[in-house]
Amino acid sequence: MSLLRRVNAGLPQAIGFTRRPFKSLKFAGESLDASASPALLHGIHVFHCPDVLGIVAKLSESIASRGGNILGADIFVPENNQVFYSRSEFVFDPAKWPRVQMEEDFLKLSKMFNAMRSVVRVPALDPKYKISVLASKQDHCLVDLLHGWQDGRLPVDISCIISNHERGSDTHVIRFLERHGIPYYCLHTTKGNKREAEILDLVQDTDFIVLARYMQAFDAGVKLIGATSHFVTEELDSGPIIEQMVGRVSHRENLHSFILKSENLEKQCLAKAIKSYCELRVLPYGENKTVVF
């Protein structure tokens, strides 16, 4: 399964599905549930910059000076590598700290510390991420994504489904898509024509693309099965990893039970990777790694 990076310069990037030494600092706080005070909203901020003294203090001061309250913070400073990563969750009163002012405050911090990345998100105010899904013939990951979107488990909006396989009008997937007004495009591909230009045209207005597919290893007699969600790069199955899961199988498995266990693992792994990405938990680390808070 694959997930695609957020669109930059008008073109979407990708995350894939194939198969951290760090210091972590957490600040104990109240529950992330801000329902005790209906006026308060929940915000998330991620920061990636050169490591210098005083970053945490300035981040805390910036939030507190506007009446915000930090609920939790994760910090990662790799050994022998002078870079700083953080992810903070906080509550705030939008009447006292308007969304536009918040953006300006964090921009000042970004400039102060020469940040490589500084992103703030307020789920209750900001649009959901728009995704497109590239699906193979197998339906299990696609169906799980659709149901996760429908019941609110995944904080995304689905713009379209693109596949290189036909699905009949009486299939569960097509009926679901028609009920919810989600376009389905079948683009038959060959080794000589991957129809990439057409796909890029269809996904122009999305934030990232999800590749939903699976592979099996039943005939190899494996005892552990695994699933990996990673960013897509030009080299197959080599992008930075977001999430990995493993499960046990035994000689008692038949093909049906093996496939069911594999599919369940892949669905969980892909859904968790998408959720982590949308919640700003994934940051690039080095050339081919990720920090996942």
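Residues numbered from 1 in each chain as written. Predicted model: local features only at pLDDT ≥ 70, side-chain atom pairs only at ≥ 80, totals over all residues. Heavy atoms only, no water.

**Focus: the side chain of histidine 48**
Point 1. Considering the arrangement of structural elements, one finds histidine 48 in strand S4 (residues 41-50).
Point 2. At 3.4 Å, the side chain of histidine 48 and the side chain of tyrosine 85 are in polar contact.
Point 3. Those residues in contact with histidine 48 that sit more than four places away from it in its chain are Val83, Phe84, Tyr85, Ala115, Met116, Arg117 and Pro284. (Helix = DSSP H or I, 4+ residues; strand = E, 2+ residues; numbered from the N terminus. Polar contact = N/O pair within 3.5 Å; in protein donor to acceptor, adjacent residues only side chain to side chain. Contact = heavy atoms within 4.5 Å.)

**Topic: the nonpolar core**
Within soluble globular proteins, side chains that are nonpolar generally end up buried alongside one another.
Point 1. Formed by 42 residues in total, the largest nonpolar core has its most connected members in Val133, Leu146, Ile161, Phe208 and Ile274.
Point 2. Setting aside residues no more than four positions away along its own chain, leucine 146 makes contact with Ile158, Ile161, Val173, Phe176, Leu177 and Ile182.
Point 3. Grouped together as the second largest cluster of nonpolar side chains are 19 residues, Leu41, Phe106, Leu109 and Val120 included. (Core = buried A, V, L, I, M, F, W, Y, C linked by side-chain atoms within 4.5 Å. Buried < 20%, exposed > 50% of the residue type's maximum accessible area, 1.4 Å probe, protein only.)

**Focus: the pairing of strand S9 (residues 156-163)**
Point 1. Within S9, 6 of the 8 residues are buried, which leaves it mostly tucked inside the rest of the structure.
Point 2. Of the pairings in the sheet, the one linking strand S8 (residues 129-135) to S9 comprises 7 bridges and is parallel in character. Pairing of isoleucine 131 across the sheet is with isoleucine 158, part of S9.
Point 3. Once the chain exits S8 it traverses helix H3 (residues 140-150) before rejoining the sheet at S9, and the crossover so formed is right-handed.
Point 4. Here S9 runs beside strand S10 (residues 184-186); their pairing, made up of 3 bridges, is parallel. Bridging across to S10, serine 163 finds its partner in cysteine 186. (Pairing = 2+ DSSP bridges. Right-handed = clockwise from strand over helix to strand, strands pointing away.)

**As for the environment of asparagine 114**
Point 1. Within the fold, asparagine 114 resides in the loop between helix H2 (99-112) and strand S7 (117-121).
Point 2. For asparagine 114, a relative accessible area of 59% corresponds to the exposed category.
Point 3. Spatially, the C-alpha atom of asparagine 114 lies 7.2 Å from that of proline 50, the residues being 64 residues apart in sequence.
Point 4. Look past the residues within four positions of asparagine 114 in its chain and what remains in contact with it is Cys49 and Pro50.

**Quick word on the pattern of salt bridges**
Point 1. Applying the stated rule across the entire model yields 14 salt bridges.
Point 2. A salt bridge links aspartate 126 to arginine 99, with the shortest nitrogen-to-oxygen separation between them at 3.0 Å. Of this pair, aspartate 126 sits in the loop between S7 and S8 while arginine 99 sits in helix H2, placing them 27 residues apart in sequence.
Point 3. Of the residues examined, aspartate 126 reaches a relative accessible area of 15% and is grouped as buried.
Point 4. Measuring nitrogen to oxygen at the nearest pair gives 2.8 Å for the salt bridge that ties glutamate 198 to arginine 195.
Point 5. Counted as one network, the salt bridges with shared partners bring together Arg87, Glu89, Lys275, Glu279 and Arg281. (Salt bridge = Lys/Arg side-chain N within 4 Å of Asp/Glu carboxyl O.)

**A word on the packing of H3 against helix H4 (residues 172-180)**
Point 1. Direction vectors running N to C along H3 and H4 enclose 30 degrees, while the axes themselves pass 11 Å from each other. Judged by the inter-axis angle, H3 sits roughly parallel to H4. Considering the relative orientation of H3 and H4, their crossing is left-handed. Between H3, through Leu142, Val143, Leu146, His147, Trp149 and Gln150, and H4, the contact on the second element is made entirely by His172, Val173, Phe176, Leu177 and His180. (Axes fitted to C-alpha atoms, helices over the stretch in contact; angles between N-to-C directions. Parallel < 35°, antiparallel > 145°, perpendicular 65-115°, else oblique. Left-handed = near helix turned anticlockwise from the far one by under 90°.)

**Observations regarding H2**
Point 1. Across its 14 residues, H2 extends 20 Å between first and last C-alpha, which sits within 8% of the 20 Å expected from 1.5 Å per residue.
Point 2. Buried residues in H2 make contact with S4, helix H1 (55-64), strand S6 (83-92) and S7.
Point 3. Phi for asparagine 114, located one or two positions after H2, is positive at around 50 degrees. (Expected span 1.5 Å × (residues − 1).)

**Comments concerning the environment of leucine 41**
Point 1. Inspection of the secondary structure assignment puts leucine 41 in strand S4.
Point 2. Sequence separation between leucine 41 and proline 123 is 82 residues, and the spatial gap between their C-alpha atoms is 8.6 Å.
Point 3. Contact partners of leucine 41, with chain neighbours within four places excluded, come to Phe90, Val91, Phe92, Pro94, Val122, Ala124 and Leu125.

**So, the state of the cysteines**
Point 1. Tallied over the entire structure, the rule returns 0 disulfides.
Point 2. Left unpaired, cysteine 269 is separated from the closest cysteine sulfur, that of cysteine 141, by 9.1 Å. (Disulfide = S-S within 2.5 Å.)

**Thoughts on the packing of H3 against helix H6 (residues 255-278)**
Point 1. Contact geometry for H3 and H6: axes closest at 9 Å, N-to-C directions at 45 degrees. By the angle between their axes, H3 is oblique relative to H6. Considering only the axes of H3 and H6, their crossing is right-handed. Contacts from His140, Cys141, Asp144 and Leu145 in H3 reach Glu263, Glu266, Lys267, Leu270, Ala271 and Ile274 in H6.
Point 2. For the contact of H3 with H6, the class distribution of residues is 5 nonpolar, 1 polar and 4 charged. (Nonpolar A, V, L, I, M, F, W, Y, C, P; charged D, E, K, R; others polar.)

Everything listed is a geometric property; what it means functionally is a separate question.
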